[in-house]
Amino acid sequence: GPEKIYDAINLLHPTRLGHGVRSIEDPKLVDYIRELDIILETCPTSNIATKIYKDYENHPAKQLFDQGIKITVNSDDPPFFNASITGEYEVMKKLGLSDDELKSLTKNAINYAFCDQQTKSKLLKEI
């Protein structure tokens, strides 16, 4: 929940935060994440499988995106959750993200990747 997300941010000072979608439950936390420019790595399928949300319609990825939170789309643990990156992009589209918004998720992933700028620039040109 939000209290554990605050703990993770304040103790670890991350630039990326795995999952973190429950931050939507605390508007001040959403503002804090946006201010600190922390990106949330999301995987709706794992959130459904672990019963954080009962279905995709209740998943807050689009709401977080619309509030200016930078997110990425991930497949988490593909064999365990039977999730693929392609499938997660399809889920995000069903959640209401446009093709341009989906591209921005890919750009977010590249811009916040733990690799050198030359690699990031090369990858961004391919989008």
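Refer to the structure printed above.
Quick notes on the pattern of salt bridges
At step 1: In total, this model carries seven salt bridges according to the counting rule given.
At step 2: A salt bridge links aspartate 66 to lysine 62; the nearest nitrogen and oxygen atoms lie 2.9 Å apart. Here aspartate 66 pairs with lysine 62, and both are found in helix H4 (residues 61-66), just four residues apart, close to one helical turn.
At step 3: With a shortest N-O distance of 2.4 Å, lysine 93 and aspartate 99 are connected by a salt bridge.
At step 4: On the accessibility criterion, aspartate 99 (45% relative accessible area) is partly exposed.
At step 5: Sharing partners across several salt bridges, the network here consists of Lys62, Asp66 and Glu101.

Looking at the environment of proline 14
At step 1: With respect to the helices, strands and loops of the structure, proline 14 is situated in the loop between helix H1 (2-12) and strand E1 (16-18).
At step 2: Overall, proline 14 belongs to the buried group, its relative accessible area being 18%.
At step 3: Between the C-alpha atoms of proline 14 and leucine 97, which are 83 residues apart in sequence, the distance is 26 Å.

Overview of the packing of aromatic side chains
At step 1: In the structure shown here, the tally under the stated rule is one aromatic pair.
At step 2: Directly above the aromatic system of phenylalanine 114 lies the positively charged group of arginine 16, at a separation of 5.8 Å from the ring centroid.

Definitions and limits used
- Residues numbered from 1 in each chain as written.
- Predicted model: local features only at pLDDT ≥ 70, side-chain atom pairs only at ≥ 80, totals over all residues.
- Heavy atoms only, no water.
- Salt bridge = Lys/Arg side-chain N within 4 Å of Asp/Glu carboxyl O.
- Helix = DSSP H or I, 4+ residues; strand = E, 2+ residues; numbered from the N terminus.
- Buried < 20%, exposed > 50% of the residue type's maximum accessible area, 1.4 Å probe, protein only.
- Phe/Tyr/Trp six-rings, centres within 6.5 Å; stacked < 30°, edge-to-face > 60°.
- Lys NZ or Arg CZ within 6 Å of the ring centre and 35° of its normal.

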